[in-house]
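Structural overview
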Amino acid sequence: MKKQMLTMLCVALAGLIFIPTVFFNQPLFALAGAFFDWLPLPTGWMKPGGEINRTFLKLHVAVTLVAYAIFVGWLVTGTATVGFAFLEVWWVAVIFGVLMGY
């Protein structure tokens with residue numbers, strides 16, 4: 001349960017950083033949000049404790065990778081529209097991540 005709380009805290013911090021950086025079109029500052037978003041992986045906090053829904057796991061991984069491909073595009077172009085696209089796709093990945101446990 002503690003690992004899940006730490007993961008949710010990191011994702012919440014990432015979202016709190018992503019929203020203003022996208023709004024103000026500051027992709028370099030969004031790298032701090034990306035740090036918190038990915039932190040649960042190397043720390044092992046995202047390891048499932050119980051049963052997980054494999055369909056939502058696959059969707060979470062796929063959509064997260066698409067979101068970060070868009071993020072790289074935002075870093076390269078600096079275009080606000082690409083930043084908003086990243087935020088929208090990233091949010092869907094978060095939803096799939098939450099649904100993995102159901």
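All residue numbers here refer to positions counted from 1 along the written sequence of the relevant chain. Whole-chain, interface and lining totals are the exception, using all residues; otherwise, since this is a predicted model, local features are given only for residues with pLDDT of at least 70 and side-chain atom pairs are given and counted only at 80 or more. Only hydrogens and water are removed before side-chain values are computed, so all heavy atoms of the structure are retained for them.

Section: the packing of helix 1 (residues 2-23) against helix 2 (residues 27-38)
Just so we agree on the cut-off: The axes used here are C-alpha line fits, helices contributing only the stretch in contact, and every angle between their N-to-C directions lies in the interval 0 to 180 degrees. In DSSP terms, a helix is any run of H or I states spanning at least four residues, a strand is any run of E spanning at least two, and both are numbered starting from the N terminus. Roughly parallel means an angle under 35 degrees; roughly antiparallel means over 145; roughly perpendicular covers 65 to 115; every other angle is labelled oblique. Each crossing is labelled by how the near helix is turned from the far one, with a counterclockwise turn of less than a right angle marking it left-handed and a clockwise turn marking it right-handed. Here a residue-residue contact requires only that any non-hydrogen atoms of the pair lie within 4.5 Å.
Running from N to C, helix 1 and helix 2 cross one another at 165°; their axes reach a closest spacing of 8 Å. The orientation of helix 1 relative to helix 2 falls into the category roughly antiparallel. The crossing of helix 1 and helix 2 is left-handed. Two secondary-structure elements touch here, helix 1 through C10, V11, L13, A14, I17, F18 and T21 and helix 2 through F29, A30, A32, G33, A34, F36 and D37.

Considerations on the nonpolar core
Basically, it comes down to this: Working definition of a nonpolar core: buried Ala, Val, Leu, Ile, Met, Phe, Trp, Tyr and Cys residues. They are joined through side-chain atoms within 4.5 Å. When a residue's accessible area, from a 1.4 Å probe over protein chains only, is under 20% of the maximum for its type it is buried; when over 50% it is exposed; and in between it is partly exposed.
With 14 residues, the main nonpolar core has F18, Y68, F71, W74, F86 and W90 as its most contacted residues. Excluding residues that lie within four positions of it along the chain, F86 makes contacts with F18, A67, Y68, I70, F71 and W74.

As for the UniProt feature "transmembrane region" (unreviewed entry) in the protein chain
Our working definition: UniProt positions are given in the numbering used here, feature names are shortened, and annotations may be inferred rather than shown by experiment.
UniProt records the feature "transmembrane region" (unreviewed entry) for residues 56-76 and 83-101 in the present numbering. Secondary structure content for residues 56-76 is 100% helix and 0% strand, while the C-alpha to C-alpha distance between its ends is 30 Å.

Some points on the confidence of the model for the protein chain
As a reminder, the rule being used: Each residue gets a pLDDT score, which is the predictor's confidence in that residue and runs from 0 to 100.
Summarising the model, the protein chain shows a mean pLDDT of 95, and 100% of its residues fall at 70 or more. Considering each helix and strand of the protein chain separately, the mean pLDDT is smallest for helix 3 (residues 40-43), with a value of 95, and largest for helix 2, with 98.

Brief notes about the packing of aromatic side chains
Definition in use: A pair of Phe, Tyr and Trp rings is counted when the ring centres sit within 6.5 Å of each other, with Trp represented by its six-membered ring. The angle between the planes then sorts it: under 30 degrees is stacked, over 60 is edge-to-face, the rest tilted.
All told, the structure shown has 12 aromatic pairs when counted by the stated rule. Both rings, one in F18 and one in F71, keep their centres 6.5 Å apart while their planes meet at 55°; by these two values the pair is tilted. Of the two residues, F18 is situated in helix 1 and F71 in helix 4 (residues 54-77); the sequence distance between them amounts to 53 residues. Looking at F18, the relative accessible area reads 0%, which means it is buried. F71 gets classed as buried once you look at its relative accessible area, which sits at 3%.

Description of the side chain of D37
Threshold: Counting rule for charge: Lys and Arg are taken as positive, Asp and Glu as negative, and neither His nor the chain ends is counted. When a carboxyl oxygen of Asp or Glu is within 4 Å of a side-chain nitrogen of Lys or Arg, the pair counts as a salt bridge. Polar contacts here mean pairs of N or O atoms no more than 3.5 Å apart (in protein, one a potential hydrogen donor and the other a potential acceptor; neighbouring residues in sequence count only if both atoms are side-chain atoms).
With respect to the helices and strands, D37 occurs in helix 2. Nearest to the buried, unbridged D37 among oppositely charged side chains is K3, at 18 Å. A polar atom in the side chain of D37 sits 2.8 Å from the side chain of W90. Sequence-distant contacts of D37, that is, excluding residues within four places in its chain, are made with C10, V11, A14, F18, Y68 and W90.

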